[in-house]
Amino acid sequence: MTTFKTSFSRHAAIKAAMAFGVGLGLMSPATAADPVKVGLMLPYSGTYAALGEAITNGFNLAVEESGGKLGGRDIATVKLDDESDPGKAVQNANKMIKGENVDLLVGTVHSGVAMGMVRAVKDSGTLMIIPNAGAGPATGQLCSENVFRTSFTNWQPAYPMGDVAYDKGYRNVVTMTWKYGAGEEAVAGFKEGFTKRGGKIVQEIYVPFPNVEFQANLTEIASLKPDAVFVFFAGGGAVKFVKDYAAAGLKDSVPLLGSGFLTDGTLQAQGADAEGILTTLHYADGLDDPKDKAFRAAYKAKFGKEADIYAVQGYDTAQLFRAGLDAVGGDLTRKDDLIKAMEGATIDSPRGDFTISAAHNPVQDIYLREVRDGQNVVVGIAAKALNDPATGCKMAGN
Ligand code: BEZ
C-alpha cells in the first residue's frame, strides 16, 4: 500500500480547512474546482538554460493539446530557476513543496540538483517526475513510490555506445566529461559496455562543471592518439566542446563519440563542426513516426524552433501525469491509484512508445545517430527496450 505524507504548510492548512468545510456541507469540493499545481524547478539560466526552456515548452504543449486540463482539472504552473546549483537544491525544492504546496514537482536537468530534490520529496511524499536528469541513484538506491522519470538514466544512452565503438574497430579510447554525477555515470556506462568486449580506456579526463576551457585537455588527447574519444557534454558546454574539438584539428583524425546530448538541441550552433559525430540516444531527428511528425510541427508552430530531446521529455512528463490523473478523474486524494496508473502506462511518445520499469524509469529503444547535414539521422538501433539495472532499488516489484 502506498502512502503519501503531506507537507503541512499555510496552503495545506487552507486546503485542510476547506476539506473540513466540504465535509460539513458548507462548501463545494475544493479538489475538483482548484487547478492542480505543478512546480517546474528547472535551469532557466546558465549552460543548461535552453534545456530548461525546452522542457517547459514541451510540458506546456502537451497540456495545451489536452485543452489546458489533465484528468479534467485545470493545470497551474509555477516556475523556479534552479541555476543547476546542487548547493541550493534542497532549499529550492522545499520552496516548491512547502512554500508553494505543489501537487507535482517537475525537475530537473542537472543530476546533482535532482538528487537534492529526490531527498526533499522522500521526506514530504510529494509526487515528482524527473524530465531529464539521469542520476542513477534517483531510480536506484533512492528510488521511491512517488518518484518517476520520463527521461533516461545516464547509463542508458552511454552503455550501448561501448558496443558501437568496439564494432567500429576502436580498441583504445579516451573519455572526457564534466566532473559530476552525470558525466561520471555516463563514462562508467560507456566503459562497462566497451571493456566487457575487450576495449581499453587509456585515459579518463575530467573538468569541473560547468567549465568550458578545454584547450589543455585537447592538446593532451592529441598527444595520446587514441582510436576515438567518448564524451558527455550537454547544452552550451556541448556546443563549445564540439567547436573546440574541430578547431584543435582533432575532428578528422580522432573520431568523437558521445551520449546524444552532445549534438541534441545544439546542431544549429555547432554547424559543420558536428558533421559525422556518432552518438547514442533515445531520440533522433526525422523519425518515421506520425506522433513525432505531429509533435515537431506543433512545437515549431508554437515556439518557432525545432523540438529536441528535452522538449520531448517535457511533453512526456505531462503525458505521464495525464495517465495518472485520467485514471482517478483528477482526484489527487486517490494517490495509490494515480501511481498505479502511472506505473502501468505506455507513453505514446514522439521518441516511440515507452513503458515504465518497476523502478519508475523509462524502458526504451536507444538509437545510434550520425550528424548528417545538420540532423541527428538514425543509422541503427543501438539497444532495443533498454531497462536500467536500477541497482539498489528496494521498492515493491523490484
Ligand atoms: C544530467 O545532469 O543528468 C544531465 C544534464 C544534461 C543532459 C543530460 C543529463
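Remember, predicted model here, so these are calculated numbers, not experimental data.

Definitions and cut-offs
Residues numbered from 1 in each chain as written. Predicted model: local features only at pLDDT ≥ 70, side-chain atom pairs only at ≥ 80, totals over all residues. Heavy atoms only, no water. Helix = DSSP H or I, 4+ residues; strand = E, 2+ residues; numbered from the N terminus. Contact = heavy atoms within 4.5 Å. Axes fitted to C-alpha atoms, helices over the stretch in contact; angles between N-to-C directions. Parallel < 35°, antiparallel > 145°, perpendicular 65-115°, else oblique. Left-handed = near helix turned anticlockwise from the far one by under 90°. Nonpolar A, V, L, I, M, F, W, Y, C, P; charged D, E, K, R; others polar. Domains from an automatic or database assignment. Buried area = accessible area lost by both parts, 1.4 Å probe. Salt bridge = Lys/Arg side-chain N within 4 Å of Asp/Glu carboxyl O. Polar contact = N/O pair within 3.5 Å; in protein donor to acceptor, adjacent residues only side chain to side chain. Near = heavy atom within 4 Å. Areas by Shrake-Rupley, 256 points an atom, 1.4 Å probe, with all protein chains shown as cover. Disulfide = S-S within 2.5 Å. Buried < 20%, exposed > 50% of the residue type's maximum accessible area, 1.4 Å probe, protein only. Phe/Tyr/Trp six-rings, centres within 6.5 Å; stacked < 30°, edge-to-face > 60°. Lys NZ or Arg CZ within 6 Å of the ring centre and 35° of its normal.

Undergrad: I'm lost on the side chain of Gln 319 in this one. Help?
TA: Position of Gln 319 relative to the elements: it lies in helix α12 (residues 309–327). With near-sequence residues (within four places) excluded, Gln 319 lies in contact with Lys 291, Ile 347, Asp 348 and Ser 349.

Undergrad: Quick question: what am I supposed to make of the packing of helix α4 (residues 89–99) against helix α5 (residues 111–124) here?
TA: Closest axis-to-axis distance for the α4/α5 pair is 8 Å, and the angle between their directions is 45 degrees. As far as their axial angle goes, α5 and α4 are oblique. The two elements α4 and α5 cross, and the hand of that crossing is right-handed. Residues Ala 89, Val 90, Ala 93, Asn 94 and Ile 97 of α4 pack against Val 113, Gly 116, Met 117, Ala 120, Val 121 and Ser 124 of α5. Split into classes, the residues belonging to the contact of α4 with α5 amount to eight nonpolar, three polar and no charged.

Undergrad: Sorry if this is basic, but what is going on with the domain arrangement of the chain here?
TA: One frequently used descriptor of interface size is the decrease in accessible area upon assembly of the parts. On domain assignment, one finds that the chain holds domain 1 (2–152 + 288–363) and domain 2 (155–281). Look at where the C-alpha atoms of domain 1 and domain 2 centre, and you get two points 31 Å apart. Facing 17 residues of domain 1, the contacting portion of domain 2 comprises 17 residues. For the pairing of domain 1 and domain 2, the buried interface totals around 1,200 Å² over both sides, and the portion due to carbon and sulfur atoms is 57%. In this assembly, domain 1 and domain 2 are joined by zero salt bridges. Put simply, domain 1 and domain 2 have seven residue pairs in polar contact (both at pLDDT 80 or more) between them. Looking at the side of domain 1 that touches domain 2, the elements with two or more residues in it are α5 and α12. Along the lines of polarity and charge, the residues of the side of domain 1 that touches domain 2 split into eight nonpolar, eight polar and one charged.

Undergrad: Sorry if this is basic, but what is going on with the site of the ligand here?
TA: Around the ligand lies a shell of 15 residues, among which Val 109, Ser 111, Gly 134, Tyr 180 and Ala 182 are the nearest. With respect to the ligand, the side chain of Ser 111 contributes an N or O atom lying 2.6 Å from an oxygen atom. Between the ligand and Tyr 180, the relevant distance is 2.5 Å, taken from an oxygen atom to a side-chain nitrogen or oxygen of the residue. Protein contacts shield 100% of the accessible area of the ligand, which totals 260 Å² for the unbound molecule. Its residues placed into classes, the shell around the ligand shows ten nonpolar, five polar and no charged.

Undergrad: Quick question: what am I supposed to make of the state of the cysteines here?
TA: Cysteine pairs can be linked by a disulfide, which is a covalent bond between their two sulfur atoms. Counted by the stated rule, this structure contains one disulfide. Here Cys 143 pairs with Cys 393 through a disulfide, and the sulfurs are 2.1 Å apart. Across the S-S bond linking Cys 143 and Cys 393, the dihedral sits near 90 degrees, which makes this disulfide right-handed. Placement of Cys 143 in the loop between β5 (127–130) and β6 (147–149) and of Cys 393 in the segment after β15 (375–386) is noted, with a sequence separation of 250 residues between them. Here Cys 143 matches Cys 393 in class, with each residue buried.

Undergrad: So what exactly am I meant to see when it comes to the pattern of salt bridges here?
TA: Any two side chains of opposite charge can pair, so long as their charged atoms come close to each other. This structure, assessed with the given rule, holds 22 salt bridges. Note that Asp 167 is salt-bridged to Arg 197, the shortest N-O span being 2.7 Å. Taken together, the positions of Asp 167 in helix α6 (residues 155–167) and Arg 197 in the loop between α7 (181–195) and β8 (200–207) put the pair 30 residues apart, joining distant regions of the chain. Relative accessible area serves as the criterion here: at 31%, Arg 197 is assigned to the partly exposed category.

Undergrad: Teacher, can you tell me more about the packing of aromatic side chains here?
TA: We describe a pair of aromatic rings using the distance from one ring centre to the other and the angle between the two ring planes. Tallying each qualifying case throughout the model produces 19 aromatic pairs. Between Phe 152 and Phe 261, the aromatic rings sit 4.7 Å apart at their centres with planes inclined by 40 degrees, giving tilted as the arrangement. Of this pair, Phe 152 sits in the loop between β6 and α6 while Phe 261 sits in the loop between β10 (256–259) and α10 (267–270), placing them 109 residues apart in sequence. Judged by centre distance (5.2 Å) and plane angle (75 degrees), the ring pair of Phe 214 and Phe 241 falls under edge-to-face. Here Phe 214, found in the loop between β8 and α8 (215–224), pairs with Phe 241, found in helix α9 (residues 235–247); they are 27 residues apart in sequence, far enough to count as distant. Residue Phe 214 is classed as buried on the basis of its relative accessible area of 1%. Assessed through its relative accessible area of 0%, Phe 241 is described here as buried. Looking at Lys 79, its charged tip hangs above the ring of Tyr 44, at a distance of 4.8 Å from the centre. Its guanidinium or amino end placed over the ring of Tyr 166, Arg 171 lies 3.6 Å from that ring's centre, counting from NZ or CZ.

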